[in-house]
Amino acid sequence: MKVVREFSAAHFLKNYRGKPEPLHGHNYRVEVILEGDIGEEGYVVDFLELNSYLKSILPEHRNLNEVIGENSTTERLARWIYERVKERFPQVREVWVWETGRFAASYYER
């Protein structure tokens, strides 16, 4: 199963091609994929429950450098989201974060 949410946030890279990148924003798209057994209810996890949880943890209108606590690349943001989702939904298999319509990174545990 997959739930998709979007949020807006700012970030900068501390050393991009030899110099700091200016603070700028993106409209991120997050895809969270869960796998598991279908329960008695007929689903792995209630879509609305996962959607609500994502809404509560995604750093809407924040500076990702302050939230993540390190150079806020899309790869690190995907890992950060994955780790928080796993705390509540151990069925998480992969998280995709789209920085733009053409550029994305994913995180999953091997």
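See the structure shown above.
Residues numbered from 1 in each chain as written. Predicted model: local features only at pLDDT ≥ 70, side-chain atom pairs only at ≥ 80, totals over all residues. Heavy atoms only, no water.

Asker: Where do I start with helix α3 (residues 74-88) in this structure?
Answerer: Because each turn of an α-helix spans 3.6 residues, side chains separated by three or four positions end up pointing in the same direction. Between its first and last C-alpha, α3 extends 22 Å over 15 residues, near the 21 Å set by a 1.5 Å rise per residue. Restricting attention to buried positions, one finds in α3 the residues Thr74, Leu77, Ala78, Trp80, Ile81, Tyr82 and Val85. At its buried positions, α3 is contacted by β1 (2-11), β2 (24-34), α1 (47-57), α2 (64-68), β3 (92-98) and β4 (104-107). (Helix = DSSP H or I, 4+ residues; strand = E, 2+ residues; numbered from the N terminus. Expected span 1.5 Å × (residues − 1). Buried < 20%, exposed > 50% of the residue type's maximum accessible area, 1.4 Å probe, protein only. Contact = heavy atoms within 4.5 Å.)

Asker: Which parts of the structure should I look at to understand the sheet that holds β2?
Answerer: What links the strands of a sheet is backbone hydrogen bonding, and the strands pair in either a parallel or an antiparallel sense. With antiparallel pairing, four strands are arranged side by side in an open sheet as β1-β2-β3-β4. Each having just a single partner strand, β1 and β4 make up the two edges of the open sheet. The mean inter-strand angle of the sheet, taken between neighbouring strand axes irrespective of direction, is 20°. This element, α1, spans β1 and β2 of the sheet and lies at about 5° to β1. Across the face of the sheet, α3 comes into contact with β1, β2, β3 and β4 while running at roughly 145° to β3. (Pairing = 2+ DSSP bridges. Axes fitted to C-alpha atoms, helices over the stretch in contact; angles between N-to-C directions.)

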